[in-house]
Amino acid sequence: MKLHGVAKHQDSDSVFSAATMDQWQRDIALIHEIGANAIRLSHYPHPTEVYDLCDKYGFVVWAEIPLLKLTENETLFANAKQQLKEMVLQNMHHPSICFWGLQNEIAIYGEFPFMTEKMKALNEMAHALDSTRLTACANLNVVHPESTLNQITDVTAYNIYYGWYYGDFADNGKFLDDFHKTNPNMPLAISEYGADASIKFHSADPKVNDYSEEFQALYHETVYPMIAQRDFVWGSFVWNMFDFTSPIRQTADVKNRNIKGLVTFDRQTRKDSFFYYKAMWAKDPFVYIAGKRYQNRAEESISVKVYSNQPNVTLTVNGKTVTQAVLNGNTVFSNIALNMGANRITAQSGHTSDEATFYRKTEEDPSYTYVDQHPGLNVRNWFLDEKEEAELFPEGFLSIRSTINELLANEKAMQTIDRRMPDVGAGMRDMVGTFELDKFFAFAKPDYSEEEIRTLNAELTKIKKS
């Protein structure tokens, strides 16, 4: 059985991590509604009541300990072993649990030989405590397919974000095929994939980093089929089912929040991408008109997307009807003419239907477009030509284009960063080590001017790379 799942964090609006049965029941009911058959309970053991609910609904669960950024610190490793022991012994009688997750992205700051030995010890411990479950790991894209970190646990998975943080959509399929070529007998899962979206932002021509609902939908509609169509991929877990707290981020218009969720932080709004997965996974018939929050339109005609798990959908607009087949969970009705003012649209398939209203305006609604309030932090726009780029980022020297790993490994560089921007120095220690520092500025958007960032860059470029 191929697993089609979502990942879930514990926190939600107003209560944060102090959730109660009301929040847990609501969350699990939403996951049931979307039609998922598996949940990755990230990145720590969840309350017993959550596992009880998963037992009741029949989900396949990946439970894991919060082991991230593994170092050689023995106190840290002793804590990981203690948490693994407690998680297994406390929860091993929950029938929903199929996987004991031993680590998440331990190689963020680089892969080292000691990691293999420590993971082998955790793997043996998990099997000694419970021989009936599979052990699992979640590596990130910088871990090479031939790495020993892929050879330890019973099942292997990767967190990948091609088409969002790096690369293009097509790289997801290439990554899967390259891994399978290297490991032809090893089934693989995707433990995280996703893109941020705010329900405020919309676009008829969505592009990466516009934070529109439409781009998030395009991302999932493009990437998920690559996962679903490959038989050697045993499952996948959307990152994330719900928006969640992330202290180092300022994503679009939201501070301290990761907005990759298919549902908003307050659980009040299902984003359009939610209905894509519902169309792919759920059995109860439904239709849903996408773009309901993208109401004000200046075009003479628009495209209307409808998600459905039915074979075809009929659209009715201003008295005119057209029927189209549904492929990949959706159908797009092109060139739908809009009259000035309100245009009521109905989508129907059998006994299920949905409706929406779009308003034709004389001008575009500017509130739908994300405007970066910190354009100076977009370092990629600093230079005009190759000569200027070479002067700003000289070869052989550190800069804000150096990776976080490179900077953390250089004491003088970190002293410089901590002196000029102490919050940045602290935040770097929570970021993916293979990211470049300018990506930290782009994602976290700390309150520094372009001039201050240029000054930091100028100081770093006086320090030779190790």
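Read on for a plain summary of the structure. Note that the coordinates shown come from a computational prediction; the quantities given were computed from them, not determined experimentally.

1. Comments concerning the overall build of the chain
A tally of regular secondary structure across the chain gives 13 helices and 18 strands. Taking 23 Å as the expected radius of gyration for a compact globule of 466 residues, we find that the chain reaches 24 Å, a close match to that expectation. Taken along its principal axes, the extent of the C-alpha atoms in the chain is 70 × 60 × 45 Å. Evaluated residue by residue, the chain yields a buried proportion of 56% over its 466 residues. Once local pairs closer than 6 in sequence are excluded, the contacts in the chain between residues at least 24 apart make up 66%.

2. Quick word on the packing of helix 5 (residues 170–182) against helix 6 (residues 213–228)
As a packed pair, helix 5 and helix 6 sit with axes 9 Å apart at the nearest point and diverge in direction by 15 degrees. Taken together, the axes of helix 5 and helix 6 are roughly parallel relative to one another. Every pair of crossing elements has a handedness; the one defined by helix 5 and helix 6 is right-handed. Residue-level inspection shows Ala 170, Asn 172, Gly 173 and Leu 176 of helix 5 in contact with helix 6, the latter providing Val 223, Met 226 and Ile 227. Among the residues making up the contact of helix 5 with helix 6, the classes are represented as five nonpolar, two polar and no charged.

3. With respect to the packing of aromatic side chains
In this structure the tally under the stated criterion is 30 aromatic pairs. Ring centres of Tyr 165 and Phe 435 lie 5.6 Å apart, and the angle between their planes is 65 degrees; this geometry places the pair in the edge-to-face category. Taken together, the residues span a long stretch of sequence, with Tyr 165 in the loop between strand 6 (155–159) and helix 5 and Phe 435 in the loop between helix 11 (422–428) and helix 12 (437–444) at a distance of 270 residues. Each of the two residues, Tyr 165 as well as Phe 435, counts as buried. Grouping aromatic residues by their ring pairs yields a cluster made of Trp 164, Phe 169, Phe 201, Tyr 211, Phe 215, Tyr 219 and Tyr 370. The ring of Trp 62 carries Arg 40 above its face, with NZ or CZ at 4.9 Å from the centroid. Over the ring of Tyr 288 we find Lys 292, and its NZ or CZ is 3.7 Å from the ring centre.

4. A few points about helix 2 (residues 48–57)
All buried positions along helix 2 are accounted for by Val 50, Tyr 51, Leu 53 and Cys 54. All buried residues of helix 2 fall inside an arc of 155 degrees around its axis, so they share one side. The elements touched by buried residues of helix 2 are helix 1 (21–34), strand 2 (38–41), strand 3 (60–64), helix 3 (74–91) and strand 4 (97–104). Of the residues flanking the end of helix 2, it is Gly 58, one or two places downstream, whose phi is positive at about 85 degrees.

5. What to know about the sheet that holds strand 11 (residues 287–289)
Hydrogen bonds between backbone groups are what pair the strands of a sheet, and the pairing can be parallel or antiparallel. On the basis of which strands lie adjacent, the open sheet formed by three strands has the order 11-13-16 and antiparallel pairing. The open sheet has two free edges, formed respectively by strand 11 and strand 16 (330–337), since each of these has just one partner strand. Strand-to-strand twist across the sheet, computed as the mean angle between neighbouring axes with direction ignored, equals 25 degrees. The sheet contact formed by strand 13 (residues 301–308) and strand 16 spans six bridges and is antiparallel. Within strand 16, the position partnered with Val 304 by the bridge is Phe 333. The sheet contacts of helix 7 (residues 272–281) involve strand 11 and strand 13, and relative to strand 13 the element is tilted by about 45 degrees.

Cut-offs used in this document
Along every chain, residues carry numbers that run from 1 in the direction the sequence is written. In keeping with the predicted nature of the model, local features appear solely for residues at pLDDT of at least 70, side-chain atom pairs appear and are counted solely at 80 or more, and the whole-chain, interface and lining totals rest on all residues. Values shown for side chains rest on all heavy atoms present in the structure; no hydrogens or waters enter the calculation. The numbering of helices and of strands both runs from the N terminus, where a helix is a DSSP run of H or I of at least 4 residues and a strand a run of E of at least 2. To get the radius of gyration, use the C-alpha atoms; to get the globule rule, take the number of residues to the power 0.38 and multiply by 2.2 Å. Whether a residue is buried, partly exposed or exposed follows from its accessible area with a 1.4 Å probe, protein chains only, as a fraction of its type maximum: under 20%, in between, or over 50%, in that order. In what follows, a contact means two residues having at least one pair of non-hydrogen atoms within 4.5 Å. Here an axis means a line fitted to C-alpha atoms, over the contact stretch when the element is a helix, while the angle between two N-to-C directions is reported on a 0 to 180 degree scale. Here the angle decides the label: under 35 degrees means roughly parallel, over 145 means roughly antiparallel, 65 to 115 means roughly perpendicular, and every other value means oblique. By definition, turning the near helix anticlockwise from the far helix through less than a right angle yields a left-handed crossing, and turning it clockwise yields a right-handed one. The residue classification treats Ala, Val, Leu, Ile, Met, Phe, Trp, Tyr, Cys and Pro as nonpolar and Asp, Glu, Lys and Arg as charged. All others, Gly included, are polar. Stacked, edge-to-face and tilted labels apply to pairs of Phe, Tyr and Trp rings (six-membered ring for Trp) whose centres lie within 6.5 Å, assigned for plane angles under 30 degrees, over 60, and everything in between, in that order. Whether a charge sits over a ring comes down to the Lys NZ or Arg CZ being within 6 Å of the ring centre and within 35 degrees of the ring normal. Along the arc lie the directions from the helix axis toward the C-beta atoms. A pair of strands is labelled paired if DSSP reports no fewer than 2 bridges between them.

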